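A look at the structure
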Amino acid sequence: MNPGQVRVSGGTDSISADFAHLAELARSLDRVAGVGGAVLPAAASALADPALISAAVLDPIGAGEVVATAGVAIAVTTTLIAECEVLATALRAAVIGYREADDLRGRLAPTISALTHLQGALTAGTAQVAAGLHEHSVHKMFGGLLTIAEQDPALAGLIIDGVTGGLGLLPGGLGVMPGGLAGGRARSSTVNLAKGLGRLYPDGSPTLTARPGDPTLDSAGPPRSIADLIKGVDLRDANTDGGGIDVRFVSTQRPDGTVTRAAIVDITGTKDWGFTKFDNPNVSNLGTNLRGVGNEVTSYELGVLMAMQHSGIRPGEPIMLAGHSQGGVVAAQLASHLAGSSTFNVTHLVTAGSPIGLVDMPSSVSVLSLENAGDVVPELDGVSNPARPNWTTVTVDRGGAGFGPRHNLGSGYLPGAQDADAGNDPSVHGWVRGAGAFLQGQDVNTASYQVGRHG
């Protein structure tokens, strides 16, 4: 990719949307066959009706016509039922085949990408790793590995999955190798390893503190684009030491005078990557990352839930969760865990630089995932995001050289979001249209919070 380019997978205009249409057609054919099946007993019953048998004595010709007509109806209906059932079965088989092929392509994508750029990545970082080994310098070895990952971020996901299997800690190894094609092993390996490591970092209990709102956020008015959504997360991120949350209420007045609201919940990312800070009071730390990828409820997630409750979001009001890096992981997990909630109606999710491909996302949530070429963090779960009608992944190319600028909101994801807005991809535009409750409002009011932890 080149700076300014955008690559899109999934979404409302993707091939995955066609899978859903084929599946619905199969269900429609099943319903037609069911109606036909209900007609057959009635036709057969008519032939055995005593009244028809009695009438046949007085009017054999008329009775013969009735019998012939009923026989034709039975034959035609039986044929129709058979053809509908055969076609429905064929459509279901096609959907399964197409989905498996598309899923396999998605799981192979990180491997193919890593192998494509492997030579350049190794050339860039091997000398540093070798120097570190020679000098027994962990710092130099780690720097060399980071250089390799920056050159080929897809390699990072494979390294994580490979370490999982290679050390014998968990079954699976590289989930794309023979025996791991079903995806379950790769998923369980990554999730279980992250969950196990996460337990090294006590999670404690969440605390919530209300903070003064940032007047610059609301003075700009309600968001109108993907870039505006990312800008909101960036502003909160710049004004917090970790665990910063904004709940932005977007109001719209209808022609009849009633006012509707939609809530955008901005969740900031990791502020403390300390590997050895096991008892860390900052909720935005490595332990929360590990627990989130391990599909566990975290203190950070519970703190966001407390902020949503405190802000006064009403039952049924549409909610968009938006997060960067760790904030995106927390947002995705919360969207998954709130599926079917009668209190909070999460309809949309926006993430930037977040590894959320393993999250069990309900189809009721419309997802937009921004990933930046050269940003290693979205690759940490070792899988590509599912390509589904409700899940649009936009890969951008912004930020210059190095992991930091690529993962950063201001230098990487904000200009990348602007590229997505300026593009003409129908899936991206479909997602924006579906987010009208959040992007077409007339007024905005923000409540700000800080999530911490104790214990």
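Residues numbered from 1 in each chain as written. Predicted model: local features only at pLDDT ≥ 70, side-chain atom pairs only at ≥ 80, totals over all residues. Heavy atoms only, no water.

1. Observations regarding the packing of aromatic side chains
Per the counting criterion, the structure on display carries zero aromatic pairs. One residue, R261, lies across the ring of F249, its end atom 4.1 Å from the ring centre. (Phe/Tyr/Trp six-rings, centres within 6.5 Å; stacked < 30°, edge-to-face > 60°. Lys NZ or Arg CZ within 6 Å of the ring centre and 35° of its normal.)

2. Re the side chain of D246
On the secondary structure map, D246 appears in strand β3 (residues 244-253). On the basis of relative accessible area, D246 is assigned to the buried category, the value being 1%. In this structure the side chain of D246 is engaged in a polar contact, spanning 2.9 Å, whose partner is the side chain of R236. Only 2.6 Å separates the side chain of D246 from the side chain of S448, close enough to count as a polar contact. Ignoring sequence-local partners within four residues, the contact set of D246 consists of L217, R236, I264, V265, D266, T446, A447 and S448. (Helix = DSSP H or I, 4+ residues; strand = E, 2+ residues; numbered from the N terminus. Buried < 20%, exposed > 50% of the residue type's maximum accessible area, 1.4 Å probe, protein only. Polar contact = N/O pair within 3.5 Å; in protein donor to acceptor, adjacent residues only side chain to side chain. Contact = heavy atoms within 4.5 Å.)

3. With respect to empty space enclosed by the protein
Evaluated as defined, the whole model comprises three cavities of 30 Å³ or more. Considered as a void within the structure, the second largest cavity measures approximately 50 Å³ in volume. Those elements giving two or more residues to the lining of the second largest cavity turn out to be α10 (286-293) and α12 (326-337). Partitioned by chemical class, the residues of the lining of the second largest cavity number seven nonpolar, two polar and no charged. (1 Å grid on protein atoms, 1.4 Å probe; cavity = no way out; pocket = protein on both sides within 12 Å on 5 of 7 lines; lining within 4 Å. Points joined across faces, edges and corners; volume = space filled by probe spheres on them. Nonpolar A, V, L, I, M, F, W, Y, C, P; charged D, E, K, R; others polar.)

4. Let's talk about the pairing of strand β9 (residues 443-454)
Within β9, nine of the 12 residues are buried, which leaves it mostly tucked inside the rest of the structure. Bridging between β3 and β9 involves eight bridges; their strand directions are antiparallel. Opposite F249, over in β9, you have N445 as the bridge partner. (Pairing = 2+ DSSP bridges.)

5. Digging into the pairing of strand β6 (residues 345-352)
The element β6 is extensively covered by neighbouring structure, given that seven of its eight residues are classed as buried. Two strands pair when backbone bridges link them, and strand β5 (residues 318-324) and β6 are joined in this way by seven bridges, in the parallel orientation. Its bridge partner being in β6, A322 is matched across the sheet by V350. This β-α-β element, β5 to α12 to β6, shows right-handed connectivity. As paired strands, β6 and strand β7 (residues 366-372) are joined by five bridges and run parallel to one another. Each bridged residue has a counterpart across the sheet, and for H348 the counterpart in β7 is S366. (Right-handed = clockwise from strand over helix to strand, strands pointing away.)

6. Regarding unusual backbone geometry
Most peptide bonds adopt trans geometry, and most residues besides glycine take a negative phi value. Located in the positive-phi region is S325, a residue other than glycine, with phi close to 55°. Mapping S325 onto the fold places it in the loop between β5 and α12.

7. Some thoughts on the confidence of the model for the chain
Predicted confidence across the chain gives a mean pLDDT of 77, with 62% of residues reaching 70 or more. The low-confidence segment residues 160-185 (pLDDT under 50) makes 40 contacts with residues lying over four places distant or belonging to another chain. (pLDDT = per-residue confidence, 0-100.)

8. As for the environment of V376
Structurally, the position occupied by V376 is in the loop between β7 and β8 (391-396). Judged by relative accessible area, V376 falls into the buried class, the value being 10%. Linking V376 and R406, residues 30 residues apart in sequence, is a C-alpha distance of 8.6 Å.

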